[in-house]
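Listed below are the residues making up each chain.
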Number of protein chains: 2
Amino acid sequence: MIATTLDGFVIDLDGTVFRGDQIIEGAPEAIAALREAGKRLVFLSNRGNISRAMCQERLSRYGIAAAMDEIVLSSTVTARYLCKHAPGCRVWTLGDPGLREELESFDIVHAEQPENADWLVITLHETLTYRDLNDAFRAVRHGARIIATNADRSFPGITGDQIDVAGMIGAITASTGAEVELVVGKPSALMAEAALSALGLAANQCLVIGDSMESDIGLGKRAGMKTALVLTGSTVQAPVGLWPARPDWIWPSIAELASIARDKGERTV
Amino acid sequence: MIATTLDGFVIDLDGTVFRGDQIIEGAPEAIAALREAGKRLVFLSNRGNISRAMCQERLSRYGIAAAMDEIVLSSTVTARYLCKHAPGCRVWTLGDPGLREELESFDIVHAEQPENADWLVITLHETLTYRDLNDAFRAVRHGARIIATNADRSFPGITGDQIDVAGMIGAITASTGAEVELVVGKPSALMAEAALSALGLAANQCLVIGDSMESDIGLGKRAGMKTALVLTGSTVQAPVGLWPARPDWIWPSIAELASIARDKGERTV
């Protein structure tokens with residue numbers, strides 16, 4: 001029974017709360033219902049090209065209030081990883097400006113020249129030019145190690161699937177012969193730990209809700225959380241025959257959560 | 001003896017005739033001496049991002065006259081390959097405009113949309129943007145096969161090595177999971193055959209001159225030509241202990257050819 005047995009909710013964003021620039025119908029109400037029921041929640045996204053501040057502002061436009069520490073992005077977890085394992089390092093970024101903003105919010109120093117960077121951080125770069133690729137190439141040629149916020153091949157754009165971080169990674173690894181040392185994003189244990197740490201709960205008290213079998217359900221299964229797949233994003237048909245990878249629940253959308261939360265334990269999900 | 005035993009000269013361009021925007025000292029005189037001695041010659045370059053017309057114009061600026069059929073670029077050989085093996089195909093290009101110009105000079109049709117392309121042709125793209133990458137991604141996602149003019153990782157730019165075609169290829173293969181079906185450039189047999197066909201000579205009558213052990217000397221060795229390495233480009237020190245890959249001659253620069261050609265058989269090279 002969701003209200004009595006689950007205390008924390010790990011909620012994916014793209015394909016779960018919104019899709020493209022559209023809010024998923026019922027998402028704000030579902031999140032409001034969780035809050036009314038006294039549940040803790042965290043938004044956990046593989047987005048590495050935005051900062052938490054940008055994400056908070058976007059959620060707010062959809063009528064969803066979220067505290068800064070209720071937002072965990074792959075850019076956030078990348079920043080924390082570098083703070084812990086490479087304190088004082090200088091980075092170069094291949095990615096949209098939001099990545100740099102997030103890293104700077106953790107006081108991580110951006111190198112003045114690619115040649116001086118200790119790490120190259122790669123994420124989606126929708127305004128990429130040849131010069132950006134070449135700067136990243138120069139960083140790695142001069143010894144920068146590579147960390148990627150995620151390694152997704154594509155994401156759903158307005159006119160169809162678009163090339164994602166895997167393209168940016170492939171350009172640099174193929175031209176330098178270097179390898180990516182760490183891919184931060186879901187379904188990694190790093191992302192699961194960051195979500196649980198933000199919630200202050202044990203895995204078995206939590207449910208992860210998302211649209212990706214690999215990223216969201218995969219992360220939940222490995223970490224020991226309950227899992228709910230929604231069919232509003234990359235997965236549009238209920239998958240069959242997936243044991244033991246099968247999610248605990250498959251819902252048409254996150255809106256399902258509202259009625260469940262309001263049942264306050266009367267209904268078993 | 002060069003003048004009596006060799007009739008054809010296969011001459012690399014970048015690092016052999018010019019380097020960056022500078023002519024190699026003595027190159028125009030060496031080429032003029034070959035012509036005076038009645039030798040046939042062809043310029044054979046892995047450049048896929050220019051057309052023969054652009055190359056001819058550039059050589060002319062350096063005082064080197066070359067007929068169109070004395071120029072063979074990887075873009076040229078790619079065009080011929082497609083004409084022969086995929087007649088009537090529609091292409092999409094990821095590369096500088098010179099590639100498209102060369103393909104169009106062979107009446108190869110550029111698709112109106114990436115989704116309609118049968119082949120994606122990849123070469124160096126120094127004015128690349130995210131949109132270019134995404135269009136190429138869409139072409140392959142919709143079934144376009146991939147051919148690359150060459151697969152060099154870097155080339156010497158004005159401020160150091162720059163990211164080359166391998167980066168453009170890596171972006172598309174890593175994001176789509178597709179593979180490149182054919183890399184046209186040196187040291188391929190396709191390029192060797194194109195050079196010999198332009199000269200109208202057998203391999204054992206020809207000498208290939210270039211700065212790359214892999215591309216130029218490798219091509220010559222495999223095809224059965226004599227080989228001369230110049231130390232004005234990617235190779236700056238005479239390599240040692242390379243048998244059987246060792247070039248027949250190692251020269252400080254292409255200028256060496258002038259005195260040899262003028263000896264008219266008196267000197268053994």
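Further up the page is the structure itself.
Residues numbered from 1 in each chain as written. Chains lettered and ligands numbered in written order. Predicted model: local features only at pLDDT ≥ 70, side-chain atom pairs only at ≥ 80, totals over all residues. Heavy atoms only, no water.

Things to note about the overall build of chain A
The helix and strand inventory of chain A stands at 10 helices and 15 strands. At 19 Å, chain A has a C-alpha radius of gyration in line with the 18 Å of a compact globule built from 269 residues. Along the first, second and third principal axes, the C-alpha set of chain A runs to 60 × 35 × 35 Å. Of all 269 residues assigned to chain A, the portion counted as buried reaches 56%. Long-range contacts, defined here as pairs at least 24 residues apart, represent 68% of the contacts in chain A between residues at least 6 apart. For chain A, the accessible surface area stands at approximately 11200 Å², while carbon and sulfur atoms represent 49% of it. (Helix = DSSP H or I, 4+ residues; strand = E, 2+ residues; numbered from the N terminus. Rg over C-alpha atoms; globule rule 2.2 N^0.38 Å. Buried < 20%, exposed > 50% of the residue type's maximum accessible area, 1.4 Å probe, protein only. Contact = heavy atoms within 4.5 Å. Areas by Shrake-Rupley, 256 points an atom, 1.4 Å probe, with all protein chains shown as cover.)

Some points on the sheet that holds strand E6 (residues 90-94) of chain B
Residues and elements named next belong to chain B. Taken in spatial order, the five strands make up an open sheet running E7-E6-E8-E9-E12, and their pairing is parallel. The open sheet has two free edges, formed respectively by strand E7 (109-110) and strand E12 (180-183), since each of these has just one partner strand. Two strands pair when backbone bridges link them, and strand E9 (residues 145-148) and E12 are joined in this way by three bridges, in the parallel orientation. Paired with Ile-147 across the strands is Leu-182, a residue of E12. (Pairing = 2+ DSSP bridges.)

Description of the sheet that holds strand E5 (residues 71-73) of chain A
All names here are of chain A. As summarised here, the arrangement of the six strands in space is E5-E4-E1-E13-E14-E15, forming an open sheet in which the pairing is parallel. The open sheet is flanked by E5 and strand E15 (249-251), the only strands paired with a single partner. The mean angle between the axes of side-by-side strands here comes to 20°, regardless of whether they run parallel or antiparallel. In this sheet, strand E14 (residues 226-230) lies alongside strand E13 (residues 206-210) in parallel orientation, the contact comprising four bridges. Looking across to E14, one finds that Ile-209 is bridged to Ala-228. Docked against the sheet, helix H2 (residues 27-36) engages strand E1 (8-11) and strand E4 (40-45), running at close to 145° with respect to E4. Lying on the sheet, helix H4 (residues 74-85) is in contact with E4 and E5; it crosses E5 at an angle near 75°. (Axes fitted to C-alpha atoms, helices over the stretch in contact; angles between N-to-C directions.)

Details of the environment of Gly63(B)
Residue and element names in this part refer to chain B. Turning to its location among the elements, Gly-63 is positioned in the loop between helix H3 (52-61) and strand E5 (71-73). A relative accessible area of 59% means that Gly-63 is categorised as exposed. Between the alpha carbons of Gly-63 and Ala-27 there is a distance of 9.7 Å; along the sequence they are 36 residues apart.

Observations concerning unusual backbone geometry
Residues and elements named next belong to chain A. Between Lys-186 and Pro-187 the backbone carries a cis peptide bond, its omega angle lying at 10°. Assignment of secondary structure puts Pro-187 in the loop between strand E12 (180-183) and helix H8 (189-199). Positive phi outside glycine occurs at Asp-107, with the angle close to 60°. Structurally, Asp-107 can be placed in the loop between helix H5 (97-104) and strand E7 (109-110).

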